[in-house]
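# Coordinate analysis (summary)
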Number of protein chains: 2
Amino acid sequence: MGSEVIVMHSNSGATVSVVGGGVIGLACAWRAAQAGWHVTLHDPAVGSGASHVAGGMLAPLSEGWPGEEAALAVGAASLDRWPGFGGELERASGLSLFTTTDSLTVALDAADAEDLHTIAEFLGRAGRTARVLTRREVREHEPMLARGIRLGLLTDGESAVDNRALLTALRGAAADAGVEIRGEQVADLDALESDRVVLAAGHASARLWPGLQVRPVKGEILRLRARPGVTPAPTRTVRGVVHGRPAYLVPRADGIVVGATQLEAGEDTQVTVAGVRDLVADAEALMPAIGEYEFHEAAAGLRPCSPDNIPIVGAVSDRVVVATGHGRNGILMTPVTADAVVAALAGDELPEMAPASPTRFAVPAR
Amino acid sequence: MGSEVIVMHSNSGATVSVVGGGVIGLACAWRAAQAGWHVTLHDPAVGSGASHVAGGMLAPLSEGWPGEEAALAVGAASLDRWPGFGGELERASGLSLFTTTDSLTVALDAADAEDLHTIAEFLGRAGRTARVLTRREVREHEPMLARGIRLGLLTDGESAVDNRALLTALRGAAADAGVEIRGEQVADLDALESDRVVLAAGHASARLWPGLQVRPVKGEILRLRARPGVTPAPTRTVRGVVHGRPAYLVPRADGIVVGATQLEAGEDTQVTVAGVRDLVADAEALMPAIGEYEFHEAAAGLRPCSPDNIPIVGAVSDRVVVATGHGRNGILMTPVTADAVVAALAGDELPEMAPASPTRFAVPAR
């Protein structure tokens, strides 16, 4: 009995159930197992949710904006972890995860150009560097981009990750670290026998912890593949605003991911004709020759969004730690989230993730 | 020995190999088995070629044009067979094959409107009826169509067939009639041990009978599905010319098939971004609300095209009957082709299919 009590309150040998097998759940499970927890991960379809559909760009800097210092701090804290986190996974898996090292945000009109200067100044004040490129420099960097682009913002170090390779690598690393993966749906956290629970079920987390302020925001993407003789893809993630819609092209080893629509549509994951039409139009506005590519796949996922677009990561009870609300930034936020969850399981808080504390909302205790 | 000779020269118990398991090969095999032949069908992937991608509209009338009397005669001969042919298959399979009973060709500009009058007069001279509809009548018939449509041509009896249900029904009917289906690739007709051969391998027929004047013409289509609350699909096949491209919407039980691009691109069956873009744009020009539909599938097939857009059906040697070159009209031409092939196996010629005789080209004998 004595030893059982010790096990229950230590992170060495105590049990934790991770609910959700996307990148967040898998990374939390992996890191928790490395920290000495006995981890079981529950998901009827590991790796099939929003993580599977993601573009995988890591762009907290070029999405920076005055007033959104907390989002920048949290995102940058995770971006800074990515080289170490990704490198460890690449060595373990033998897979290449990174598909580019930099991002290029482009302005198609004068207002967008003004915004790029605003972002550059904001990043400078935050101690991050970003370089404004002239129209000519943009085309020198990425000659396939539209001639009408007026200005660019180059953010070194804003890499991109192949989300599906990442899922494979994380799953392998978790298994190697001793995580047991059970293909089962969890309907009630109280039914789990583990000492602790990590709730990382994306937008569905709100069903398991009622009141949690996370909701699904549908996003459609296209996966294009290079064909023989096509205009080469950009070597950097290219971002821009087209007809008021944020659009991006993320390089892949075999082509380009085009994203993404945003729609509050409940749990609908059907790709619509209008979504495809807009994504193709926006991609062509950035890169006119993209019509040459193979239309390989169109897919939709449900981003788990929080009210303030900052994740919700931390303890919500003595037993349960949540890790959701990552919105469009789940891949980016994976390393820092895993660290924060392991800290929370040990009763600590990761200072960089203070803005993500669930206590900022009125989350009902149970 | 005597009986063996009799078997060799009779259609009762003699053997025939059908090479190709698209709608043409399956229908020929089925009808030949019904006629008393012992039939083996060879295809490594039955039902996976152009037949799988087809739109399935049966529109020889609304594609009529002065000077193309032979194409009209051949197409109309098959259209006239479809109610009986399709009905027999529907009863045998329990599947619904027909997805509409009529076609509506629409004009988006004055030149197209003039063309519709030309077609109506041509059909009248050929003893077929087609009704010109005013702008208002078009919208009364199909209220979801674009307001800018100037004129319509309604062709009763130009139905459409669910191509995939047709493949399923034909495969079942062929098997029930005793056709043996072998999932193997035929590389040499001389290696087949059967008495007779029906070569129905689509564009690949030219590889098995060098000099046969059939070539692949790539076509891309979209399969859209209705979503809850969407604008209802047309109840008729809708055809029109958009930006110089022929476009069509073919009703399905669960949505709409949008077709089709046309590209001479060798054996390429990748769907391109530009193809999807054009199909969506053309579909929206016909039916503005089509963006609401689910983008369910994009696919490409290789139409087996002949130099004069009339099929190539008939004996090319004492042993071999070809049935290919159906271009965009393979589904339409299935019933009359099967009849013509069974006639050719018996040494006869179907008068309606005289324009399709292989002898009109210099097909090398072997």
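Thresholds, definitions, all that
- Residues numbered from 1 in each chain as written.
- Chains lettered and ligands numbered in written order.
- Predicted model: local features only at pLDDT ≥ 70, side-chain atom pairs only at ≥ 80, totals over all residues.
- Heavy atoms only, no water.
- UniProt positions renumbered as here; feature names shortened; annotations may be inferred.
- Least-squares fit on C-alpha atoms with pLDDT ≥ 70 in both.
- Contact = heavy atoms within 4.5 Å.
- Helix = DSSP H or I, 4+ residues; strand = E, 2+ residues; numbered from the N terminus.
- Expected span 1.5 Å × (residues − 1).
- Buried < 20%, exposed > 50% of the residue type's maximum accessible area, 1.4 Å probe, protein only.
- Polar contact = N/O pair within 3.5 Å; in protein donor to acceptor, adjacent residues only side chain to side chain.
- Pairing = 2+ DSSP bridges.
- Buried area = accessible area lost by both parts, 1.4 Å probe.
- Salt bridge = Lys/Arg side-chain N within 4 Å of Asp/Glu carboxyl O.

The name given to chain A in an unreviewed UniProt entry is glycine oxidase, with Rhodococcus rhodnii LMG 5362 as the source organism. The UniProt entry for chain A carries the following comment under Pathway (unreviewed entry): "Cofactor biosynthesis; thiamine diphosphate biosynthesis." Reading the Catalytic activity (unreviewed entry) entry of the UniProt record for chain A gives the comment "glycine + O2 + H2O = glyoxylate + H2O2 + NH4(+)".

Moving on, we get to the relation of the copies chain A and chain B. Superposition record for chain A on chain B: RMSD 0.0 Å, screw rotation 180°, translation along axis 0.0 Å. Here the symmetry operator amounts to a two-fold rotation axis. Among all C-alpha atoms of chain A, that of Arg277(A) lies closest to the rotation axis, at 3.3 Å. Of all interface residues in chain A, 100% are interface residues in chain B too; the two copies therefore contact each other through one and the same surface.

Let us look at helix H7 (residues 163-176) of chain B. In an α-helix, one full turn covers 3.6 residues, which means residues spaced three or four apart are oriented alike. Residue and element names in this part refer to chain B. Compared with an ideal rise of 1.5 Å per residue, which puts 14 residues at 20 Å, H7 spans 20 Å between its outermost C-alpha atoms and is within 8% of the ideal. For H7, every residue scored as buried is listed here: Asn163, Ala165, Leu166, Leu167, Ala169, Leu170, Ala173 and Ala174. In this structure aspartate 162 caps H7, since a side-chain oxygen of it lies 3.0 Å from the backbone nitrogen of arginine 164. Backbone geometry just after H7 places glycine 178 at a positive phi near 105°.

What follows concerns the pairing of strand S2 (residues 38-42) of chain A. Residues and elements named next belong to chain A. In terms of burial, S2 is largely enclosed, as four of its five residues are buried. Note: strand S1 (residues 15-19) against S2, five bridges, orientation parallel. Bridge pairing in S2 links valine 18 to leucine 41. In this sheet, strand S6 (residues 180-182) lies alongside S2 in parallel orientation, the contact comprising three bridges. By the bridge assignment for S6, histidine 42 is matched with arginine 182.

On to the UniProt feature "domain: FAD dependent oxidoreductase" (unreviewed entry) in chain A. In the numbering used here, UniProt assigns the "domain: FAD dependent oxidoreductase" (unreviewed entry) feature to residues 16-342 of chain A. Between the C-alpha atoms that bound residues 16-342 of chain A the distance is 11 Å, and the span itself is 33% helix and 28% strand.

So, on to the environment of Gly183(A). All names here are of chain A. Turning to its location among the elements, glycine 183 is positioned in the loop between S6 and strand S7 (196-199). A sequence separation of 86 residues divides glycine 183 from threonine 269, and the C-alpha atoms of the two residues are 21 Å apart. With sequence-adjacent residues up to four places away left out, glycine 183 is seen in contact with Asp43 and Pro44.

Turning to the interface of chain A and chain B, a few remarks are in order. Listed by partner, the interface residues are 19 residues for chain A and 19 residues for chain B. Area buried by chain A at its contact with chain B is led by Arg227(A), Val273(A) and Phe295(A), which between them contribute 36% of it. Viewed at the interface, chain B and chain A are joined by four salt bridges. Taking the shortest distance from any N to any O, the salt bridge between Glu284(A) and Arg277(B) comes out at 2.3 Å. Put simply, chain A and chain B have 14 residue pairs in polar contact (both at pLDDT 80 or more) between them.

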